[in-house]
Amino acid sequence: MNTLAFWLPLFLLFLSALVGALIKRRSCDHCLKRFNGNQVLLPVGTKDWICGKLEVFAQGLEITSPEENQIPCGFVHSRIIPSKEVAGINLLIRQAPDPDTRAGLEWKKEREMLLNPPLRVQLKRFTLNSYNMLRDSFGQALKAIIGTVSKETRLGKAKGADSRFHEMQSNLTGMVPNAWEPILEKYRGKLVAIERMSESGEIYESGILEDYSDKYLLLRDVKLIDPAIKNALGMLGGSTHLSCDVLYSRTQTLLRYSLKSESLQD
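Please read all numbers here as calculations on a predicted model, not as lab measurements. (Residues numbered from 1 in each chain as written. Predicted model: local features only at pLDDT ≥ 70, side-chain atom pairs only at ≥ 80, totals over all residues. Heavy atoms only, no water.)

**Focus: unusual backbone geometry**
Definition in use: The helix and strand labels rest on DSSP assignments: H or I over at least four residues marks a helix, E over at least two residues marks a strand, and numbering proceeds from the N terminus. Residue burial is assigned from relative accessible area. The probe radius is 1.4 Å, only protein chains are included, and a residue is buried under 20% of its type maximum, exposed over 50%, and partly exposed in between.
Of note in the backbone geometry, Asp221 takes a positive phi value of approximately 55 degrees without being a glycine. Mapping Asp221 onto the fold places it in strand S8 (residues 216–223). Assessed through its relative accessible area of 6%, Asp221 is described here as buried.

**Comments concerning the pattern of salt bridges**
Here is the rule: Salt bridges are defined by distance alone: a side-chain nitrogen of Lys or Arg within 4 Å of a carboxyl oxygen of Asp or Glu.
Counted by the stated rule, this structure contains 15 salt bridges. Residues Arg220 and Glu110 are paired through a salt bridge, measuring 3.4 Å at the closest nitrogen-oxygen approach. With a gap of 110 residues between them, Arg220 in strand S8 and Glu110 in helix H3 (residues 102–115) connect regions that are remote in the sequence. Assessed through its relative accessible area of 2%, Arg220 is described here as buried. Looking at Glu110, the relative accessible area reads 37%, which means it is partly exposed. Salt-bridge contacts for Glu210 lead to Arg220; the nearest nitrogen and oxygen are separated by 3.2 Å. Here Glu210 is found in strand S7 (residues 201–212), whereas its partner Arg220 is found in strand S8, with 10 residues between them in sequence. A single burial state applies to Glu210 and to Arg220, both of which are buried. Linked by salt bridges that have partners in common, Arg34, Arg94, Glu110, Arg125, Glu185, Arg188, Glu210, Asp211, Arg220 and Asp245 make up one network.

Structure, rendered in structure tokens:
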């Protein structure tokens, strides 16, 4: 029991479990994380809306509202939305700050950078897309390395070693968001229109495509036309004339059209 061959496999198994736990703890959708710490508005059920400060977790969301709501057993501090309910949320809305404030100037600067990305941003995106194009190759290489390590250290004889290291491989290759879809990548920073269903039927809303993931489409400076949303915007506390950023669920929303650049107004 004092030999390296005995202790090293146990140490590597423990290390793989620790790495996996740490990655899972921080593995949130990268589009959803853009709204972390912001005041958001989102629908609950078919007619109700909730508004509050959003905190994003790997296994759900928490909405903290300054309003004092009471339920039969006490006063509500925040509302917790588990991951299985998060999947049913069709959109999250964040209102742009007042343009005369520092936050408003920063928002405008981010919008301009999205429309005209500097070289460093383009290089960063190119690197991310290159990685995702070769994602399977990296995964196979990592699998081969893990297999070699397990054989050399007799790790394959340890109970559950294969499944544990397969999980670690999946977690490591999943650290970088899989964000490369050619047609969506083409229209990042461009004016697009989404198609979705609402209570009033099929509607189209336009905005600048900032980013996307396998779960969400993130649009900036969205022109909201849904009457139900317009009625609820007052809960955000700002002027209803301010622009909004919207996170659309891809299960209920399609990016349907690209729009001509002259439709884009500052």
